[in-house]
Amino acid sequence: MRLKSAPRLCQQPARVLCQDSVSYDVGHDAHLSYSHYQQSNALINSPLISNKQRGASTLVLALFVVTVLVTAGVGLAFGHKLGYQRGYYSMQAETQQAVITSKEATQELKDLRLSSKIATNEAATAKQELEISLANLKELRENQQELTVENKQLAQLNEIYAELVSENGGMPLQILGAKIKPLPENAFEYGFDVAMLASDGKAKRLKPTLTLLNDNDFVEVPLEPASYTIDGITRIRGRFMMPTGFKPLQVKLSLSAGGQELEQLYDWKLGDKVDSMPLSLLDLPEVDESPIEP
């Protein structure tokens, strides 16, 4: 296969045309760019454009200032409103607290006045009671002095009577009064008033014996003390526990003093029931030493 090379045509002229074309374009573009630059500078540096730019800047600045002022005003108004609300609520709370405090102070003052009035009345009452107590004490002292004098007079009179009775043969052993009353817890209290004056005028030893009797059996009651001294009138007092299941019908009191003996039988009867009886022996007072009424 044979290849034939064909000569290139117009290589140089084409290269020249291309270069000229390029040179022309570059020169033309450079001329256009410079002229456009000059026109742009002319437009920028023209008075109309400068005035517009200044007006726009002034407008922007004015808008900025207005915005700042509006923002500041809104902030001040909001802050004033918030501060006013806080101050109002705080003042309202303080006012309410002041009212409550005032009411409490007023109530405390009323209570103090009432307490003072009560204390004054109590002091006046205590003073009156003290005066009454002093008057009663004075009266009791006077009565006690009178009773002391009367007792001394009676004791002196009794001594005279006792001497007279002794000189006339004395007073025989005798029972002046007797009693037995029920107590709680199946207990009983007894009391006997016995009198005797010996012919020699001396005190004698008294031996009492208390016996509970029924149809088939008897129980002797232990007495405390077991013996007494008699020179005039002697009061025999005490308490005993009734044996379980024992029901007496009679009570016998036996006395022995100065060679004299005496026995006395009493039917077992306790009289009416005592409604005000205590529940326990511990609640009972001491044995009554007052004379027994016949």
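Just above sits the structure.
### Here's the deal with the overall build of the protein chain
Helices and strands together make up the secondary structure of the protein chain, namely two helices and eight strands. When the helices and strands of the protein chain are placed in sequence order, the string is α-α-β-β-β-β-β-β-β-β. Residue burial in the protein chain is summarised as follows: out of 294 residues, 16% are buried. Once local pairs closer than 6 in sequence are excluded, the contacts in the protein chain between residues at least 24 apart make up 68%. Entry remark: accessible area of the protein chain is about 23,400 Å², with carbon and sulfur atoms responsible for 58%.

### Some words on the pairing of strand S3 (residues 204–213)
Sheet topology note: the S3/strand S5 (residues 228–230) ladder contains three bridges and is antiparallel. Bridge assignment links leucine 206 to a residue of S5, and that residue is tyrosine 228. Relative to strand S7 (residues 250–257), S3 is paired through eight bridges, and the arrangement is antiparallel. Within the sheet, the bridge partner assigned to threonine 209 lies in S7 and is serine 254. Bridging between S3 and strand S4 (residues 218–221) involves four bridges; their strand directions are antiparallel. Considered in S4, the bridge of leucine 210 is made with valine 221.

### Here's the deal with the side chain of aspartate 193
If you trace the backbone, aspartate 193 turns up in strand S2 (residues 187–197). On the accessibility criterion, aspartate 193 (4% relative accessible area) is buried. Here isoleucine 292 takes part through its backbone nitrogen, which lies 2.9 Å from a polar atom of the side chain of aspartate 193. Not counting residues within four places of it along the chain, the set of residues in contact with aspartate 193 comprises Gln174, Ile175, Leu176, Gly177, Thr234, Arg235, Arg237, Pro291 and Ile292.

Calculation notes
Residue numbers here run from 1 along each chain, matching the order of that chain's written sequence. Reporting of local features is limited, given that this is a predicted model, to residues whose pLDDT is at least 70; pairs of side-chain atoms are given and counted only at 80 or more, and all residues count toward the totals for whole chains, interfaces and linings. In computing side-chain properties, one takes all heavy atoms of the structure into account and sets aside hydrogens as well as water. For the purposes of this entry, the term helix denotes a DSSP run of H or I that reaches at least four residues, the term strand denotes a run of E that reaches at least two, and both are numbered from the N terminus. Three labels apply to residues, based on accessible area from a 1.4 Å probe with only protein chains included: buried if under 20% of the type maximum, exposed if over 50%, partly exposed otherwise in between. Pairs of residues are marked as contacts when any of their non-hydrogen atoms sit within 4.5 Å. Here the open area of atoms and residues is found with the Shrake-Rupley method and a 1.4 Å probe, where only the protein chains shown may cover a residue. The criterion for strand pairing is that DSSP finds at least two bridges linking the strands in question. Think of a polar contact as two N or O atoms within 3.5 Å of one another; within protein, one of them needs to be a possible hydrogen donor and the other a possible acceptor, and neighboring residues in sequence only count if both atoms come from side chains.

No statement about biological role is implied by the geometric values presented.
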